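# Structural description and commentary
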Amino acid sequence: DYGRALEGLMGPHRAAIDRHTTVLVLGDGRSNHADPRLDLFAELAEGARRLVWLCPEPPSLWGTGDSVLPDYRVHCTRLDHVRTVRDLERALDELLAHY
């Protein structure tokens, strides 16, 4: 439930997220038909320096069923399909190269 997770993050920790913060989200972007709280995600992205999402599902599944990943994607600095350790290594190397 990303909406509930965002409420838990943005409530007590909102002030800690600033232009020096990189937010890393790990997950499939499926809402389980709950409110994804896109408003809070947009606020999080606007306040942070970077918002990076690493998703284990292939891009062909983004936006299918209960996936709201395309709605989150517009607020992400970067969105990568990361399924294996090799994928994770590549994504992190690319992120750090731009840091």
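Provided above is the structure to which this section pertains.
Just so we're clear, the structure is a prediction, and the values are computed from it rather than from any experiment.

### A word on the overall build of the chain
Counting secondary structure elements, the chain contains four helices and three strands. The globule rule puts the C-alpha radius of gyration for 99 residues at 13 Å, and the 13 Å found for the chain is close to it. Reported as C-alpha extents along the three principal axes, the dimensions of the chain are approximately 35 × 35 × 20 Å. By sequence separation, contacts in the chain at least 24 residues apart represent 78% of the contacts at least 6 residues apart. When the accessible area of the chain is evaluated, it comes to approximately 6000 Å², of which 53% is carbon and sulfur surface.

### Considerations on helix H4 (residues 85–97)
The terminal C-alpha atoms of H4, which comprises 13 residues, lie 18 Å apart, in line with the 18 Å expected from a rise of 1.5 Å per residue. Along H4, the residues that are buried comprise Asp87, Ala91 and Leu95. Down the axis, H4 shows its buried residues gathered within 65° of arc, on one side only. Residues of H4 that are exposed and angled more than 90 degrees away from the buried face: Val85, Arg86, Glu89, Leu96 and Ala97. Those residues of H4 that are buried are in contact with strand S2 (50–55) and strand S3 (78–81).

The rules behind each value
Residues numbered from 1 in each chain as written. Predicted model: local features only at pLDDT ≥ 70, side-chain atom pairs only at ≥ 80, totals over all residues. Heavy atoms only, no water. Helix = DSSP H or I, 4+ residues; strand = E, 2+ residues; numbered from the N terminus. Rg over C-alpha atoms; globule rule 2.2 N^0.38 Å. Contact = heavy atoms within 4.5 Å. Areas by Shrake-Rupley, 256 points an atom, 1.4 Å probe, with all protein chains shown as cover. Expected span 1.5 Å × (residues − 1). Buried < 20%, exposed > 50% of the residue type's maximum accessible area, 1.4 Å probe, protein only. Arc of directions from axis to C-beta.

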